[in-house]
Amino acid sequence: MQLNETHDPTLRSWVAGADDRDGDFPPQNLPYGTFRHADDEPWRAGVAIGERILDLGRLATAAPFDGLAGEALAACAAPAHDGRLNGLMALGADHWHALRLALSRGLRADADAARRAPLEAALRPMAGARHATPAHIGDYTDFYISLHHATAVGRQFRPDQPLLPNYKWVPIGYHGRASSLGVQPAFRRPVGQTRPPRDGEPPAFGPSQRLDYELEMAIYIGPGNPQGQRIPMAQAEGHVFGLGLLNDWSARDIQAWEYQPLGPFLGKSFASTLSPWIVTLEALAPFRAPLRRPAGDPAPLPYLASDGNASAGAFDVRLQVDLSTELSRRAGHPAATLSRSNFRDAYWTVAQLVTHHTVNGCNLRAGDLLGTGTLSGPGPDEAGSLLELAEGGKSPLALPWGETRTFLQDGDEIRLSAHCVAPDRRRIGFGSACGRVLAADWA
C-alpha cells in the first residue's frame, strides 16, 4: 500500500478533537465501525473522526460522491447488512481507497463549504455511542503467531522442547467459535470440566478458577476467494480490509483438560471481545516494518515468501493491557498497566496468514476474522497473558493498590489498546477493547 495524500501529516480537520495530539482518530486514520445511540435505533456504519462519528447511512442519503466512492458509500448504507461493513469489505481496495480519499477531502480544515456541508450534517457524537461487531463474522480462525508467547507457554509444559518442530515452518491455527465474538462490555465466568485432582478420579466441575485474557489483533477479511482457489502472497493483502483489537478470553483450567487430542474448545468459545473500530490497511501504510526473525531460523517455504513481505510485511503497532478491579475502581485508583508489546514482533505476517489459510483451497468470505494469537514481546514485561506474567500461577502480580493476581477474579476489567507512531507522522489509534468478568451463572 503506497503513501498518498490521505497520509499527509500536516492534514488538519474542522471536526472537534480530530487534531488532538494524543487522540486516536485524526483525519489520517478514519477507521470504520458500527454504532447507535439508543436500543430502538437501527445499527449504522460509521467512521471515527476526533470526538465524532460520521454516520455513513445518513451521508449516503445526500449522495455527495460519485464513481467508486459513491458505490462504496452506498454499500455502507445497504439495509441488507444492518449497519455492518460486509458490503464495503467485499468491494475491494479500489473502492476502499476512493471512499477514504473522498472522506478525507471533505473532513480537512480547508474543505470548501459545498464539500463540507453533507459531512457536517451526518456527524454524531462519539460520547454515548453503543457498538456492535463491525462486520457479520461468518468464520473465525485463531492463529498462534508470537514466537515469544509460544516459547514462554511451551516452556511451562515442555521445558526440554518449548517449541514443537512445526512452529517455524507453518502458521499454527484453529477454527474458533464466531458466535461468541462481540463488542460486549461484560461476560460471565465460564463453567466446565477441569482436570481431576488425582489420577483415577472423576474430573472436577464448576466455574473456571484460571481465567485469563489474551492480547491479540483481529484481521478482517475483505473480498473472498472461490473454494479451491489459493490466494498467493502477492495478492494476500488485497483480501484484507483492516485490523482491530481482540481479547480471546481463555479458561486455562478447562483448556488444559480438554485440549488433547483435538485442541481448544470450551476453554475458548465462551467469549471473545473485539474493539469497535477497524483501522484499514491503507491507514497503516506509514507504519510498516520489515519482518524480523532470529538469525539461523529457516526461511519460509516459497509459497509463504516474497520480497515485499520481507521488507515491509510487518506493522509497527504498539499494544498495551490495563487492569482494574472492583476494589481499585471503588477507591478511585487508575488502572494498572500489565504489559506493553508490539505487533511487529510477530513471527508470521498478515499476508502469510491469509496465504496459508487458503493454500489448501479453503474459501474465505468478506467479514471473516483471523486472530493473531497472543502477541507477546521478548521481554518479561511484554507478555500478552497472565499465564505468562504470573508464570502459570507461580508468581502472583502485585497491583499498585495492594491486591495480587495470578488469574482474573470476578469484577476485574481488562482494557486492550493500541496506537501507531513514527517520525514525522501523525499518531493514529485503534480505540480499545474492554471487557469485565461477571460471576458465573452457577447454582
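- You'll find the protein entered in an unreviewed UniProt entry as fumarylacetoacetase, with Bordetella genomosp. 10 given as the organism.
- Here the protein is described in UniProt, under the heading Pathway (unreviewed entry), as follows: "Amino-acid degradation; L-phenylalanine degradation; acetoacetate and fumarate from L-phenylalanine: step 6/6."

## Details of the pattern of salt bridges
Here is step 1 of the chain: On inspection of all chains with the given rule, the structure shows 23 salt bridges.
Here is step 2 of the chain: Arg 288 is the partner of Glu 237 in a salt bridge, and the nearest nitrogen-oxygen pair spans 2.5 Å. Placement of Glu 237 in the loop between helix H7 (233-236) and strand E14 (240-247) and of Arg 288 in strand E18 (residues 288-289) is noted, with a sequence separation of 51 residues between them.
Here is step 3 of the chain: Overlapping salt bridges, with partners in common, bring together Asp 212, Glu 214, Asp 248, Arg 252 and Lys 268 in one network.

## Some remarks on the side chain of Thr 141
Here is step 1 of the chain: The residue Thr 141 is located in strand E6 (residues 140-143) in this model.
Here is step 2 of the chain: Within polar-contact distance, the side chain of Thr 141 engages the side chain of His 175 at 3.2 Å.
Here is step 3 of the chain: Polar contacts involving the side chain of Thr 141 include one to the side chain of His 357, which spans 2.8 Å.
Here is step 4 of the chain: Ignoring any residue separated from it by four or fewer positions in sequence, one finds Thr 141 in contact with Tyr 174, His 175, Gly 176, His 357, Leu 369, Leu 370 and Gly 371.

## Remarks on helix H11 (residues 350-358)
Here is step 1 of the chain: Most of H11 is tucked away, with 9 of its 9 residues classed as buried.
Here is step 2 of the chain: By the burial criterion, the buried members of H11 are Val 350, Ala 351, Gln 352, Leu 353, Val 354, Thr 355, His 356, His 357 and Thr 358.

## Concerning the nonpolar core
Burial of nonpolar side chains together is a common tendency in soluble globular proteins.
Here is step 1 of the chain: Membership of the largest hydrophobic core comes to 59 residues, with the highest contact counts inside it found for Leu 338, Phe 343 and Phe 430.
Here is step 2 of the chain: Once you skip the residues sitting within four places of it in the chain, Leu 338 turns out to touch Tyr 213, Val 321, Leu 323, Asp 381, Leu 386, Leu 389, Leu 397, Leu 399 and Ile 414.
Here is step 3 of the chain: Core analysis: the second largest hydrophobic core is formed by 42 residues, Leu 54, Ala 69, Leu 88 and Met 89 among them.

## Description of the packing of helix H2 (residues 67-76) against helix H4 (residues 93-107)
Here is step 1 of the chain: Running from amino to carboxyl end, H2 crosses H4 at an angle of 95 degrees, the nearest separation of the two axes being 8 Å. The angle between the axes of H2 and H4 places the two elements in the roughly perpendicular class. Contact with H2, carried on its side by Leu 68, Ala 69, Glu 71, Ala 72, Leu 73 and Cys 76, involves Asp 94, His 95, Ala 98, Leu 99 and Ala 102 of H4 and no other residues of that element.
Here is step 2 of the chain: In terms of residue class, the contact of H2 with H4 is made up of 8 nonpolar, 1 polar and 2 charged.

## As for the sheet that holds strand E1 (residues 32-36)
Here is step 1 of the chain: Pairing is antiparallel in the open sheet, where 5 strands are placed in the order E4-E3-E2-E1-E5. Only two strands of the sheet have a single partner each, and these edge strands are strand E4 (123-125) and strand E5 (130-132). Adjacent strand axes in the sheet meet at a mean angle of 50 degrees, parallel and antiparallel pairs treated alike.
Here is step 2 of the chain: Taken together, the 4 bridges between strand E2 (residues 44-49) and strand E3 (residues 52-55) define a ladder with antiparallel strand orientation. Within E3, the residue paired with Ile 49 across the bridge is Arg 52.

## A closer look at the sheet that holds strand E9 (residues 186-188)
By way of backbone hydrogen bonds, the strands of a sheet pair with one another, either parallel or antiparallel.
Here is step 1 of the chain: Taking strand neighbours across the sheet as the criterion, the 5 strands line up as E9-E26-E25-E20-E21 in an open arrangement whose pairing is mixed. In this open sheet, the two edge strands, each paired with only one partner strand, are E9 and strand E21 (336-342). Averaged over all adjacent pairs, the angle separating strand axes in this sheet is 20 degrees, with direction ignored.

## A short note on the packing of aromatic side chains
Here is step 1 of the chain: This model, assessed by the stated rule, comprises 9 aromatic pairs.
Here is step 2 of the chain: With a centroid separation of 5.5 Å and 50 degrees between ring planes, the pair formed by Tyr 32 and Phe 241 is classed as tilted. Of the two residues, Tyr 32 is situated in strand E1 and Phe 241 in strand E14; the sequence distance between them amounts to 209 residues. Across the pair, exposure class does not vary: Tyr 32 and Phe 241 are buried alike.
Here is step 3 of the chain: The interplanar angle of 80 degrees and the centroid separation of 5.1 Å between the aromatic rings of Trp 96 and Phe 241 together place this pair among those described as edge-to-face.

## Comments concerning the UniProt feature "active site" (unreviewed entry) in the protein
Here is step 1 of the chain: UniProt annotation of "active site" (unreviewed entry) refers to His 149 when read in the numbering used here.
Here is step 2 of the chain: Along the chain, His 149 falls in helix H6 (residues 147-157).
Here is step 3 of the chain: The residues touching His 149, leaving out its near neighbours within four places in the chain, are Tyr 144, Thr 374, Ser 376, Ser 385 and Glu 388.

## Focus on the environment of Val 153
Here is step 1 of the chain: Mapping Val 153 onto the fold places it in helix H6.
Here is step 2 of the chain: Val 153 gets classed as buried once you look at its relative accessible area, which sits at 11%.
Here is step 3 of the chain: Along the backbone, Val 153 and Leu 389 are 236 residues apart, and their C-alpha atoms lie at a distance of 10 Å.
Here is step 4 of the chain: When sequence neighbours within four positions are dropped, the list of residues in contact with Val 153 reads Tyr 144, Leu 387 and Glu 388.

## Details of the domain arrangement of the protein
Here is step 1 of the chain: Here the protein is partitioned into domain 1 (5-132) and domain 2 (140-438).
Here is step 2 of the chain: Distance between the C-alpha centres of domain 1 and domain 2: 28 Å.
Here is step 3 of the chain: Domain 1 puts 38 residues into the contact, and the matching count from domain 2 is 27 residues.
Here is step 4 of the chain: Counting each side, the surface lost to burial between domain 1 and domain 2 is near 2,400 Å², with a carbon and sulfur contribution of 61%.
Here is step 5 of the chain: Of all residues in domain 1, His 7, Met 89 and Trp 96 bury the most surface against domain 2, accounting for 25% of the area lost on that side.
Here is step 6 of the chain: Taken together, the links from domain 1 to domain 2 amount to 2 salt bridges.
Here is step 7 of the chain: Among the salt bridges present, the one from Arg 427 reaches Asp 24, with a minimum N-O distance of 2.8 Å.
Here is step 8 of the chain: Taken together, the elements giving at least two residues each to the side of domain 1 that touches domain 2 come down to E1, E2, helix H3 (86-91), H4 and E5.

Definitions and limits used
Residues numbered from 1 in each chain as written. Predicted model: local features only at pLDDT ≥ 70, side-chain atom pairs only at ≥ 80, totals over all residues. Heavy atoms only, no water. UniProt positions renumbered as here; feature names shortened; annotations may be inferred. Salt bridge = Lys/Arg side-chain N within 4 Å of Asp/Glu carboxyl O. Helix = DSSP H or I, 4+ residues; strand = E, 2+ residues; numbered from the N terminus. Polar contact = N/O pair within 3.5 Å; in protein donor to acceptor, adjacent residues only side chain to side chain. Contact = heavy atoms within 4.5 Å. Buried < 20%, exposed > 50% of the residue type's maximum accessible area, 1.4 Å probe, protein only. Core = buried A, V, L, I, M, F, W, Y, C linked by side-chain atoms within 4.5 Å. Axes fitted to C-alpha atoms, helices over the stretch in contact; angles between N-to-C directions. Parallel < 35°, antiparallel > 145°, perpendicular 65-115°, else oblique. Nonpolar A, V, L, I, M, F, W, Y, C, P; charged D, E, K, R; others polar. Pairing = 2+ DSSP bridges. Phe/Tyr/Trp six-rings, centres within 6.5 Å; stacked < 30°, edge-to-face > 60°. Domains from an automatic or database assignment. Buried area = accessible area lost by both parts, 1.4 Å probe.

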